Amino acid sequence: TGQPKGVMIEHRSICNRLLWTQTEFPLGAGDCVLQKTVFSFDASVWEIFVPLMAGARLVMALPEGHRDSAYLVRTIAEQRVTTLQLVPSRLDVLLEEPGLRNCTSLNRLFCGGERLPGRLRDRLFEILPEVKLHNLYGPTEVSIDATARVCRREDTHPNVPIGRPLANMQVYLLDSQLRPVPAGMPDEI
């Protein structure tokens, strides 16, 4: 959000997020996660700990490897990565890599940290029709994510909705005076 800030959160918050991930999208010994998020970003935590707690394989990308789409595609294909997390702007660049079609081991892709345009969802499904795409939303203060939505090929939203709250979380829509708004009314989370 621009200005770096420290956020104090309890350990149980990240435990909730890790357990939710493993409950909703279980990894196993046959899975491989590519850890390429910089350690100062909260999303790196799940990339590291979920595969370790599930007995999946964890592949650490080279430093600055997250910035090189050709390297990422090569690594996904060579290491048979099954699970990947990207911000939508990085997915946009990755979708331009010709070798992405060869990344057939990839079966889960998590997007978060930015608005996910429907055009990226549609393009991903054109290139990798079997991949499961998940849109995640949440500020650091909630330990990575607060909501999730599984994207479907038949979705037509120009911007992918952020979904429903994760386990043990609640989302409130409030007006400018921080009062709850009626169901179906747009406002701020």
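Shown above is the structure to which this text applies.
Attention here is on the structure that accompanies the text. (Residues numbered from 1 in each chain as written. Predicted model: local features only at pLDDT ≥ 70, side-chain atom pairs only at ≥ 80, totals over all residues. Heavy atoms only, no water.)

### A word on the overall build of the protein
Convention followed: The helix and strand labels rest on DSSP assignments: H or I over at least four residues marks a helix, E over at least two residues marks a strand, and numbering proceeds from the N terminus. A radius of gyration in this sense is built from C-alpha atoms; the matching globule rule multiplies 2.2 Å by the number of residues raised to 0.38. Three exposure classes are used, based on accessible area relative to the maximum for each residue type with a 1.4 Å probe and protein chains only: buried under 20%, partly exposed in between, and exposed over 50%. In this analysis, two residues are considered to be in contact whenever any of their non-hydrogen atoms come within 4.5 Å of each other. Using a 1.4 Å probe, the Shrake-Rupley method yields the accessible areas, and only the shown protein chains count as cover for residues. Under the convention used here, Asp and Glu are negative, Lys and Arg are positive, and both His and the chain ends fall outside the count. One atom stands in for each charge, and that atom is NZ of Lys, CZ of Arg, CG of Asp or CD of Glu.
When its secondary structure is counted, the protein shows five helices and seven strands. Traced from its N-terminal end to its C-terminal end, the protein shows the element sequence α-β-α-β-α-β-α-β-α-β-β-β. What you see for the protein is a C-alpha radius of gyration of 17 Å, in line with the 16 Å of a compact globule of 189 residues. With the C-alpha coordinates of the protein rotated into their principal frame, the extents come out at 50 × 35 × 35 Å. Buried positions account for 43% of the 189 residues belonging to the protein. Here the contacts in the protein between residues at least 6 apart in sequence split such that 61% fall between residues at least 24 apart. When the accessible surface of the protein is totalled, it reaches about 10,800 Å², and 55% of it is carbon and sulfur. Taking the 21 positively charged and 22 negatively charged side chains of the protein as two groups, their mean positions are separated by 3 Å.

### Looking at the state of the cysteines
Note the cut-off: Any two cysteine sulfur atoms lying within 2.5 Å of each other are counted as a disulfide.
A full pass over the atoms with the stated rule returns zero disulfides. As a non-bridged cysteine, Cys-32 has Cys-103 as the owner of its nearest cysteine sulfur, 12 Å distant. The class for Cys-32 is buried, based on a relative accessible area of 1%. Of all cysteine sulfurs, the one in Cys-151 lies closest to Cys-111, which takes part in no disulfide; the gap is 7.8 Å.

### Focus: the environment of Thr-82
This is how the line gets drawn: Polar contacts, as counted here, are pairs of nitrogen or oxygen atoms within 3.5 Å of one another; within protein the pair requires one atom able to donate a hydrogen and one able to accept it, and residues that are adjacent in sequence qualify only if both atoms are side-chain atoms.
Here Thr-82 is to be found in the loop between helix H3 (69–79) and strand E3 (83–86). Looking at Thr-82, the relative accessible area reads 7%, which means it is buried. Between the alpha carbons of Thr-82 and Val-33 there is a distance of 6.2 Å; along the sequence they are 49 residues apart. Beyond its immediate sequence surroundings of up to four residues, Thr-82 is in contact with Gly-30, Asp-31, Cys-32, Ser-105, Leu-106, Asn-107 and Arg-108. Engagement of the side chain of Thr-82 in a polar contact is seen with the side chain of Asp-31, the distance being 3.0 Å.

### A short note on the pattern of salt bridges
Rule in force here: The rule for a salt bridge is simple: a side-chain nitrogen of Lys or Arg has to be within 4 Å of a carboxyl oxygen of Asp or Glu.
Going through the model one piece at a time under the given rule, you end up with ten salt bridges. With a shortest N-O distance of 2.6 Å, Glu-10 and Arg-12 are connected by a salt bridge. Judged by relative accessible area, which is 44%, Glu-10 ranks as partly exposed. The exposure class assigned to Arg-12 is exposed, which follows from its relative accessible area of 63%. In this structure, Arg-67 engages Glu-64 in a salt bridge whose closest nitrogen and oxygen atoms are separated by 2.5 Å. Residue classification places Arg-67 among the exposed positions, given a relative accessible area of 56%. On the basis of relative accessibility, which here comes to 47%, the residue Glu-64 falls in the partly exposed class.

### Remarks on a nonpolar patch on the surface
What counts, and what does not: Each patch is built from residues lacking any salt bridge and having more than 30% relative accessible area; the joining distance is 9 Å for like charges and 5 Å for nonpolar side chains (Val, Leu, Ile, Met, Phe, Trp, Tyr).
A contiguous nonpolar patch, built from Tyr-137, Ile-162, Val-171, Leu-173 and Ile-189 and spanning about 370 Å² of accessible area, is present on the exposed surface. Val-171 gets classed as partly exposed once you look at its relative accessible area, which sits at 32%.

### Re the nonpolar core
Convention followed: Among buried residues, the Ala, Val, Leu, Ile, Met, Phe, Trp, Tyr and Cys ones that are joined through side-chain atoms within 4.5 Å form a nonpolar core.
One finds Leu-91 and Leu-109 to be the most contacted residues of the largest nonpolar core, which totals 29 residues. Looking at this core, the elements that each hand over two or more residues are strand E1 (32–35), H3, E3, helix H4 (88–94), strand E4 (108–111) and helix H5 (118–127). Setting aside residues no more than four positions away along its own chain, Leu-91 makes contact with Leu-86, Leu-109, Cys-111, Leu-116, Leu-120 and Leu-124. Judged by nonpolar contacts, the second largest core, of 18 residues, contains Leu-27, Phe-110, Ile-144 and Ala-148.

### Focus on the packing of helix H1 (residues 11–24) against helix H2 (residues 44–54)
As a reminder of what qualifies: With axes taken as lines fitted to C-alpha atoms, and helix axes fitted only over the stretch in contact, angles between N-to-C directions fall between 0 and 180 degrees. When an angle is under 35 degrees it counts as roughly parallel; over 145 it counts as roughly antiparallel; between 65 and 115 it counts as roughly perpendicular; any other value is oblique. By the definition used in this description, the sense in which the near helix is turned from the far one sets the handedness, with an anticlockwise turn below a right angle giving left-handed and a clockwise turn giving right-handed. Residue type decides the class: Asp, Glu, Lys and Arg count as charged, Ala, Val, Leu, Ile, Met, Phe, Trp, Tyr, Cys and Pro as nonpolar, and the leftover types, Gly among them, as polar.
In the contact formed by H1 and H2, the axes pass within 10 Å of each other and the chain directions differ by 60°. Between H1 and H2, the crossing angle belongs to the class labelled oblique. Two packed elements cross with a definite hand, and for H1 against H2 that hand is right-handed. Listed contacts from H2 to Ile-14, Arg-17, Leu-18, Leu-19, Thr-21 and Gln-22 of H1 are Val-45, Trp-46, Phe-49, Val-50, Met-53 and Ala-54. Looking at the contact of H1 with H2, its residues break down into nine nonpolar, two polar and one charged.

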